[in-house]
Amino acid sequence: MSPPNNRLDTVIRADLCVVGLGASGLSAILEARRLGLTVVGVDANVIAGGAAGANGGILRAGLSKFHHEAVSAFGREPAAALYRLSAAEIDRVAEETPEAVTRTGSLRVAADDAEWADVAAQMRSLRDDGIEAEERETTFGRGIYIPHDASVHPVARVHALARACSTEGALLFEQTPALHISGSEVHSPGGRISCGAVIVAVDGGLEQAVPALGGIVRTTRLQMLATAPATDVSIPCPVSASFGFDYFRQLPDGRVALGGGRNRSFDTEWGAPAEPSTVVQSYLDGVLRSRIRTQAPVTHRWAAQVSYTSTGLPVMREVEPRVWAIGAYCGTGNLVGSLCGRSVARLIAGTDDGLRALVDPAPRAC
Ligand SMILES: Cc1cc2nc3c(=O)[nH]c(=O)nc-3n(C[C@H](O)[C@H](O)[C@H](O)COP(=O)(O)OP(=O)(O)OC[C@H]3O[C@@H](n4cnc5c(N)ncnc54)[C@H](O)[C@@H]3O)c2cc1C
């Protein structure tokens, strides 16, 4: 990718400052530029240095809750509307960054009859809303296949977005933590952005970046591993298992990427740093050998932070005048994050596309 500007060491002026250069922040920047705003983006680390560059690469329409759960929690119309928006977002992401997206569909599989009852309820609920879902017997268990879903190369997508932002004239600064944020200024150790509005597009650590969200969002660690190219298994599309807590897919070169296990150790994962732990990684080793049944050696282990709300809905909120926060995608932010990013850029430019009323209708406690 074209190198971004290095750390900010001066004072600059822009209509909008975006804090966080993952897919959500970069989507906001791109939209804001296209709406004619001048934009500066800053990241404490590097572009794609957070969850946006370290995730399972599954583009599954809907929210973190499966569709039947979303229908009971949020109501049929809002749940169906959010499903449709995120399904359309798969198409848009595939068009925007075709080099990063593969139209694979996705599977959800059940380990036993009890889990199948839940998977079947999801299938019925999807079909009730006219969404295609096919029952499948697979080597990983009985499940449903959702043809519209897809896979993404997370880093390739984020870097493509960053290139597009630079091409559109946005200024991006890495190694530039936002230490103090208000609606008119963002301070970093070496410089300052004087601006008309701010979007904090941070998923993991959102409550640190925006202390007003303490008690509303909570950061946790998610972990993954990857193997050498595996020739003893074939996984045609991303798979979600164990009530959605585990997920795996096979990359085009045969490597298996597997994540999950947070439910094995909730207490140690809340607030934990982005480093793999023995408990969760041992669990993932077990899934790799006994459920996926590959003997390919593990070559990579990693972790990154995301944040959750208690409701399963993300945050998309003006936390103080002209400071907007987006995040807390509850572990599935690849689609909802870019939807929220673009939508909040439109709000700042003066157009309400209605997403905020669906995802963050009223303040709520964790
Ligand atoms: C292991 C794992 C697997 C996942 N799998 C999937 C999946 O398969 N499908 C899916 O949809 N979702 C998945 N997710 C969730 C998804 O990755 C995230 O929800 C999404 O990538 C969040 O992107 P973002 O741009 O909002 O935030 P981030 O990628 O977290 O980016 C935020 C950026 O903000 C920067 N930052 C933080 N604080 C500051 C500050 N004060 N000043 C400046 N910069 C700051 C960080 O350095 C970071 O680069 C997974 C997450 C993880 C960790």
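Residues numbered from 1 in each chain as written. Predicted model: local features only at pLDDT ≥ 70, side-chain atom pairs only at ≥ 80, totals over all residues. Heavy atoms only, no water.

1. Structural notes on the domain arrangement of the chain
Here comes step 1: Each domain of the chain was delimited in the assignment, giving domain 1 (11–53 + 154–216 + 312–359) and domain 2 (105–149 + 217–308).
Here comes step 2: For domain 1 versus domain 2, the separation of C-alpha centres amounts to 28 Å.
Here comes step 3: Of the roughly 930 Å² buried between domain 1 and domain 2, counting both surfaces, carbon and sulfur atoms make up 56%.
Here comes step 4: For the interface between domain 1 and domain 2, the tally reads zero salt bridges.
Here comes step 5: Applying the counting criterion to the domain 1 and domain 2 interface returns eight residue pairs in polar contact (both at pLDDT 80 or more).
Here comes step 6: The residue makeup of the side of domain 1 that touches domain 2, split by class, is nine nonpolar, four polar and two charged. (Domains from an automatic or database assignment. Buried area = accessible area lost by both parts, 1.4 Å probe. Salt bridge = Lys/Arg side-chain N within 4 Å of Asp/Glu carboxyl O. Polar contact = N/O pair within 3.5 Å; in protein donor to acceptor, adjacent residues only side chain to side chain. Nonpolar A, V, L, I, M, F, W, Y, C, P; charged D, E, K, R; others polar.)

2. A few points about the sheet that holds strand E15 (residues 246–250)
Here comes step 1: Spatially, E6-E7-E5-E14-E15-E16-E13-E17 is the arrangement adopted by the eight strands of the open sheet, whose pairing is mixed. One side of each edge strand has no neighbouring strand; the edge strands of this open sheet are strand E6 (134–138) and strand E17 (298–308). In this sheet, neighbouring strand axes are inclined to one another by 25° on average, regardless of whether the strands run parallel or antiparallel.
Here comes step 2: Here strand E13 (residues 218–227) runs beside E17; their pairing, made up of 10 bridges, is antiparallel. Counted as the bridge partner of Arg-218 is Tyr-308 from E17.
Here comes step 3: The strands touched by helix H4 (residues 113–128) within the sheet are strand E5 (106–109), E6, strand E7 (141–146) and strand E14 (239–241), with E7 carrying the most contacts at an inclination of about 20°. (Pairing = 2+ DSSP bridges. Helix = DSSP H or I, 4+ residues; strand = E, 2+ residues; numbered from the N terminus. Axes fitted to C-alpha atoms, helices over the stretch in contact; angles between N-to-C directions. Contact = heavy atoms within 4.5 Å.)

3. Comments concerning the packing of aromatic side chains
Here comes step 1: In the structure shown here, the tally under the stated rule is three aromatic pairs.
Here comes step 2: Plain terms: the ring middles of Phe-140 and Phe-248 are 5.1 Å apart, the flat faces sit at 75° to each other, and that makes the pair edge-to-face. You can see Phe-140 sitting in the loop between E6 and E7 and its partner Phe-248 sitting in strand E15, a full 108 residues away along the chain. Like Phe-248, Phe-140 is buried.
Here comes step 3: For the pair Phe-245 and Phe-266, a centre-to-centre distance of 5.9 Å together with 70° between the ring planes defines the contact as edge-to-face. Linking Phe-245 in the loop between E14 and E15 with Phe-266 in helix H7 (residues 266–269), this pair joins segments that are 21 residues apart in sequence.
Here comes step 4: For Phe-266, a relative accessible area of 32% puts it in the partly exposed group.
Here comes step 5: It is Arg-218 that lies over the ring of Trp-270; its NZ or CZ is 4.2 Å from the centre.
Here comes step 6: For Arg-262, the ring lying beneath its charged end belongs to Tyr-308, and the centroid distance is 4.2 Å. (Phe/Tyr/Trp six-rings, centres within 6.5 Å; stacked < 30°, edge-to-face > 60°. Buried < 20%, exposed > 50% of the residue type's maximum accessible area, 1.4 Å probe, protein only. Lys NZ or Arg CZ within 6 Å of the ring centre and 35° of its normal.)

4. Here's the deal with the pairing of strand E1 (residues 11–19)
Here comes step 1: The pairing of E1 with strand E12 (residues 192–201) spans eight bridges and is parallel. Among the inter-strand pairings, Cys-17 is bridged to a residue of E12, identified as Val-198.
Here comes step 2: Here E1 runs beside strand E2 (residues 39–42); their pairing, made up of four bridges, is parallel. By the bridge assignment for E2, Cys-17 is matched with Val-40.
Here comes step 3: Where the polypeptide runs from E1 across helix H1 (residues 23–34) and back to E2, its parallel neighbour, the crossover connection is right-handed. (Right-handed = clockwise from strand over helix to strand, strands pointing away.)

5. Brief notes about the side chain of Glu-115
Here comes step 1: If you trace the backbone, Glu-115 turns up in helix H4.
Here comes step 2: Although Glu-115 lies buried, it forms no salt bridge, and the closest oppositely charged side chain, Arg-108, sits 4.2 Å away as judged by the N-O distance. (Lys, Arg positive; Asp, Glu negative; His and termini not counted.)

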